[in-house]
Amino acid sequence: MLSRARAVEQAGPIAPSATPTASRAEPEAPGGREKTRRLRGHLARQLLFELALPLGGYYGLRALGVGSLPALILGGLLTVPWIGYGMVRNRRIAAMPVFTPGPAAGGRADVGGDR
């Protein structure tokens, strides 16, 4: 049986290409920048249509004197075209965007207003 030092000695030097280095960057996959650009664009559209538009619609309607429940419902309805576009484009119905506005409006209707 060989000692560990003798086995390393017989194996020879390690080739420079076999040692990992932190400074060596992996080549970027083809289309990586394009994919990142598309994902950022999709995220920006999502934030606009699913967050900014309903919030802006709600607060805009409230500023115009509309009641809180109608403003909430109408603000939520502003997302319907975006949800419909997503379903047609992806050819499937995603549960989260379809069913989230319902409980939000129902919960608000249950809590708000004088009876």
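Calculation notes
Sequence order as written defines the numbering, with residues in each chain counted from 1. Reporting in this predicted model follows two pLDDT cut-offs: at least 70 for local features of residues, and 80 or more for side-chain atom pairs to be given and counted; totals over whole chains, interfaces and linings ignore these cut-offs and use all residues. In computing side-chain properties, one takes all heavy atoms of the structure into account and sets aside hydrogens as well as water. Helix numbering and strand numbering both begin at the N terminus, where a helix is a DSSP run of H or I of at least 4 residues and a strand a DSSP run of E of at least 2. We place a 1 Å grid over just the protein atoms. Points where a 1.4 Å probe fits but has no way out form a cavity, open points with protein on both sides within 12 Å along at least 5 of 7 lines form a pocket, and any residue with an atom within 4 Å of a point lines it. Grid points are joined across faces, edges and corners, and a volume is the space filled by probe spheres set on the points. For this classification, Asp, Glu, Lys and Arg are treated as charged, while Ala, Val, Leu, Ile, Met, Phe, Trp, Tyr, Cys and Pro are nonpolar and the rest, including Gly, are polar. Accessibility here uses a 1.4 Å probe with only protein chains present; expressed as a share of the type maximum, an area under 20% marks a residue as buried, one over 50% as exposed, and anything in between as partly exposed. For this quantity, the arc is that covered by the directions from the helix axis to the C-beta atoms. Classification of ring pairs rests on two measures: the distance between centres of Phe, Tyr or Trp rings, Trp counted by its six-membered ring, which must be within 6.5 Å, and the angle between planes, read as stacked under 30 degrees, edge-to-face over 60 and tilted in between.

### Considering unusual backbone geometry
At Arg 91, a residue that is not glycine, the phi angle is positive and equals roughly 60°. Relative to the elements of secondary structure, Arg 91 occurs in the loop between α4 (80–90) and α5 (95–99).

### So, the environment of Val 80
Looking at where Val 80 falls in the secondary structure, it is placed in helix α4. For the pair formed by Val 80 and Phe 49, sequence separation is 31 residues and the distance between their alpha carbons is 9.4 Å.

### A look at the layout of surface pockets
The volume enclosed by the second largest pocket comes to roughly 320 Å³. Around the second largest pocket, the lining is made up of 15 residues, and of these His 42, Glu 50, Trp 82, Gly 86 and Asn 90 lie nearest the centre. Those elements giving two or more residues to the lining of the second largest pocket turn out to be α2 (32–63), α4 and α5. Of all the elements, α4 adds the most residues to the lining of the second largest pocket, at 7 residues. Here the lining of the second largest pocket is built from residues that sort into 7 nonpolar, 4 polar and 4 charged.

### Thoughts on helix α3 (residues 68–77)
Listed in full, the buried residues belonging to α3 are Ser 68, Ala 71 and Gly 75. Down the axis of α3, the smallest arc covering the buried residues is 65°, so these residues share one side.

### Remarks on the packing of aromatic side chains
The geometry of two aromatic rings is summed up by the distance between their centres and the angle between their planes. On inspection of all chains with the given rule, the structure shows 3 aromatic pairs. Judged by centre distance (5.0 Å) and plane angle (75°), the ring pair of Tyr 58 and Tyr 59 falls under edge-to-face. For Tyr 59, a relative accessible area of 55% gives the class exposed. Residues Trp 82 and Tyr 85 carry aromatic rings whose centres are separated by 6.1 Å and whose planes lie at 35° to one another, so their mutual orientation is tilted. Of this pair, Trp 82 and Tyr 85 both sit in helix α4, 3 residues apart, which is roughly one turn of that helix. Among the residues examined, Trp 82 registers a relative accessible area of 13% and is labelled buried. Chaining the aromatic ring pairs together yields one cluster made of Phe 49, Trp 82 and Tyr 85.

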